[in-house]
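# Overview (structure and organization)
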Amino acid sequence: MKKYKRSIISGVLVLSLSMGMVLGVQATTIEEAQQIAEQLDEQKDSAEAEKNELTDQLNQILDEMNTAQERLTEKQEEIKAAEDEYVQAKVDENTQYQSMKKRIRYMYEVGNTQFLEVLANSENMGDFLNNVEYVNQLSEYDREKLVDFQKIRSDVEAKEKSLQEEYVVLRNLQGALLAKQAEVEQLLEDKNMQIADLEGQIGENAALLQELIRQAEEERRRQEERAAAEAAAAAAAAAAAAEAQAQAAAAAAAAGYGGGSAYIPSDDIVVSGNGQFTNPCPSGVVSSTFGYRTFDESFHNGLDLAASTGAATYAADAGTVIIAGWSDSAGNWVVIDHGNGFVTKYMHHSALAVTAGQTVSKGQQVGYVGTTGYSTGPHLHFQVELNGSPVNPQIYL
C-alpha cells in the first residue's frame with residue numbers, strides 16, 4: 001500500500017506540472033510554434049507513460065480485490081459450516097441431556113428398592129460387587145457424555161467466533177482496496193483529460209476538445225442523477241427497514257426483554273394441514289422451493305414463504321428450542337430439535353417469540369416475519385433437516 005501511495009503522489013505532482021506547462025504556452029513565431037510542438041509531443045509521451053503506470057497499479061489493485069473477494073466468499077462458507085456444526089453440537093447435547101433425564105426420572109419413579117433387590121439377589125459377593133459397579137458406570141457414563149458434548153459445542157462456538165473476526169479483517173481490507181481503486185481511477189480520469197487537451201492543442205482543434213469536455217460533463221451529470229436516484233431509493237429502503245426494526249425494538253422494550261434479538265412473546269397456537277408438520281407461515285406464499293435454482297446457480301436448502309413484515313411464524317412440530325438469536329446469514333433465527341433426527345430452522349425474522357431452552361408445542365408461535373441477515377425481502381426461510389442433512393420441507397407439510 002505504501003508503494004501505491006508514493007506512486008499516486010508522484011502522479012499528482014507530475015500531472016499538476018504538466019497541466020501548468022500546457023496551459024501556459026503561446027506561440028508568436030514559427031520557431032516558437034515548432035518548439036511548442038516538440039514540447040507538446042514530449043508531454044504527451046510522458047502523460048501516456050504515466051497513464052500506463054497508473055493502469056498497471058489499477059490492475060494490481062483489482063487483482064488483489066478479486067483475491068480478497070474470493071477469501072471473503074470462502075470465509076462465509078466456513079462460517080456457515082461452523083454454524084451447522086454448532087447446531088448439530090447443540091442437538092447432540094440436548095439429546096444426551098434428555099436421555100439422562102429419562103433415566104434419572106425412571107430411577108426416581110421406580111425407587112431405589114428395585115436396585116436394592118437386584119443387589120440383594122446377587123448369588124455371591126463377586127456378583128454383588130459387579131452389580132454395584134454396573135449402576136455406578138451407568139450414572140458415570142451419562143455425566144461423561146454430557147460433558148463431552150458440552151465441550152464440543154464450546155469448541156465449535158469458539159471456532160465460529162474466530163472465523164467472524166477473520167471475516168471482519170478481510171472486509172476491512174476490501175474497503176481499503178476500494179478506496180485505493182477510487183484514487184487511482186480519479187488519477188486515470190485526470191490523465192485522460194490531460195492527454196485529450198494535449199491532442200486538442202496539437203491538432204488545433206479546440207472546438208472538438210470543448211465538445212468532448214461537454215459530452216463528458218453531460219455523462220457525469222447523468223451518472224450523478226442516476227446515483228442520486230439510487231441513493232434515494234436505498235435511503236428509503238433503509239428508512240423502512242429501520243422503522244420496522246425500531247417498532248420491533250420498541251415492542252421488545254415494552255415486553256421487558258433485553259437481548260441481541262428483538263423478543264415479543266406470544267401464546268398463539270396455529271395448526272394447519274394434515275402433514276407431519278404444520279405450515280410454519282400460513283399467511284405466506286411460496287417464493288422459492290427446495291433444490292437447485294437456475295437464476296443464481298445455487299442449491300436452496302429450504303422453502304421460502306414470502307409474507308408481510310410482522311406476519312406470525314409457528315413451530316412445525318413440538319420440540320426444544322436450541323437456538324433463538326442472531327446469525328449474520330440467517331438474521332434473527334430459531335432452531336428446534338424435535339427428536340428422532342428431525343431439526344427445523346426458521347430464518348430472517350424481524351423479532352422472536354421464543355428463547356433458547358424453551359419447550360414449544362406444535363403450532364406455537366416462534367417469531368415474526370422480517371428481512372434480517374442475507375435477505376432481499378420479507379419472508380420466512382423454513383428448513384427441515386433429518387440426521388443433519390437438509391430435506392424437502394414440502395414432503396412433511
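What this report covers is the structure whose coordinates are included nearby.

Calculation rules
- Residues numbered from 1 in each chain as written.
- Predicted model: local features only at pLDDT ≥ 70, side-chain atom pairs only at ≥ 80, totals over all residues.
- Heavy atoms only, no water.
- Helix = DSSP H or I, 4+ residues; strand = E, 2+ residues; numbered from the N terminus.
- Buried < 20%, exposed > 50% of the residue type's maximum accessible area, 1.4 Å probe, protein only.
- Contact = heavy atoms within 4.5 Å.
- Areas by Shrake-Rupley, 256 points an atom, 1.4 Å probe, with all protein chains shown as cover.
- Phe/Tyr/Trp six-rings, centres within 6.5 Å; stacked < 30°, edge-to-face > 60°.
- Pairing = 2+ DSSP bridges.
- Core = buried A, V, L, I, M, F, W, Y, C linked by side-chain atoms within 4.5 Å.

### Comments concerning the overall build of the chain
- Looking only at helices and strands, the chain has 5 helices and 12 strands in total.
- When the 397 residues of the chain are sorted by exposure, 35% land in the buried category.
- Restricting the contact set of the chain to residue pairs at least 6 apart, pairs at least 24 apart contribute 68%.
- When the accessible area of the chain is evaluated, it comes to approximately 22,900 Å², of which 54% is carbon and sulfur surface.

### Structural notes on the packing of aromatic side chains
- Summed over all chains, the structure comprises 5 aromatic pairs.
- On the basis of an interplanar angle of 35° and a centroid distance of 5.7 Å, the ring pair of Phe277 and Tyr396 is categorised as tilted. Here Tyr396 lies in the segment after strand 12 (389–391) and Phe277 lies in the loop between helix 5 (206–255) and strand 1 (285–288), a separation of 119 residues in the sequence. Pair check on accessibility: Phe277 and Tyr396 agree, each one buried.
- Members of the aromatic cluster, connected to one another through ring pairs, are Phe277, Phe342 and Tyr396.

### Digging into unusual backbone geometry
- Of note in this structure, Asn340 is not a glycine but carries a positive phi near 55°.
- Assignment of secondary structure puts Asn340 in the loop between strand 7 (331–339) and strand 8 (342–352).
- The phi dihedral of Asn387 falls on the positive side, at around 55°, and the residue is not glycine.

### Focus: the pairing of strand 4 (residues 303–306)
- Looking at chain direction, strand 1 and strand 4 are connected through 3 bridges and run antiparallel. Residue Ser288 lies in a different strand from strand 4, and its bridge partner there is Asp304.
- Bridge count for strand 4 against strand 11 (residues 379–386) is 4 bridges, and the pairing is antiparallel. Across the sheet, Ala306 pairs through a bridge with His379, a residue of strand 11.

### Here's the deal with the environment of Leu58
- In this structure, Leu58 sits in helix 2 (residues 30–110).
- Each C-alpha atom, one on Leu58 and one on Glu185, is 7.3 Å from the other, the two residues being 127 residues apart in sequence.
- Among residues more than four places away in sequence, those in contact with Leu58 are Gln181, Val184, Glu185 and Leu188.

### With respect to the nonpolar core
- Of all hydrophobic cores here, the largest spans 23 residues; its most connected members are Val334, Ile336, Tyr346 and Val384.
- Of all the secondary structure elements, the ones that give two or more residues to this core are strand 4, strand 7, strand 8, strand 10 (365–369) and strand 11.

### A look at the side chain of His379
- Tracing the backbone shows His379 in strand 11.
- Take His379: its relative accessible area is 10%, and that puts it in the buried class.
- Contact partners of His379, with chain neighbours within four places excluded, come to Asp304, Leu305, Ala306, Ala307, Met347, His348, Val369 and Gly370.

### Description of the pairing of strand 8
- Where burial is concerned, most of strand 8 is hidden: 11 out of the 11 residues are buried.
- Bridging between strand 7 and strand 8 involves 6 bridges; their strand directions are antiparallel. Bridging from a neighbouring strand, Asn332 pairs with His349 of strand 8.
- Linking strand 7 to strand 8, which pair antiparallel, is a turn of 2 residues; within it Asn340 sits at a positive phi near 55°.
- Note that strand 8 and strand 11 share 6 bridges and pair antiparallel. Paired with Lys345 across the bridge in strand 11 is Gln383.
- Note: strand 8 against strand 10, 3 bridges, orientation antiparallel. Within the sheet, the bridge partner assigned to Ala351 lies in strand 10 and is Tyr368.

Nothing here speaks to function; it is all geometry.
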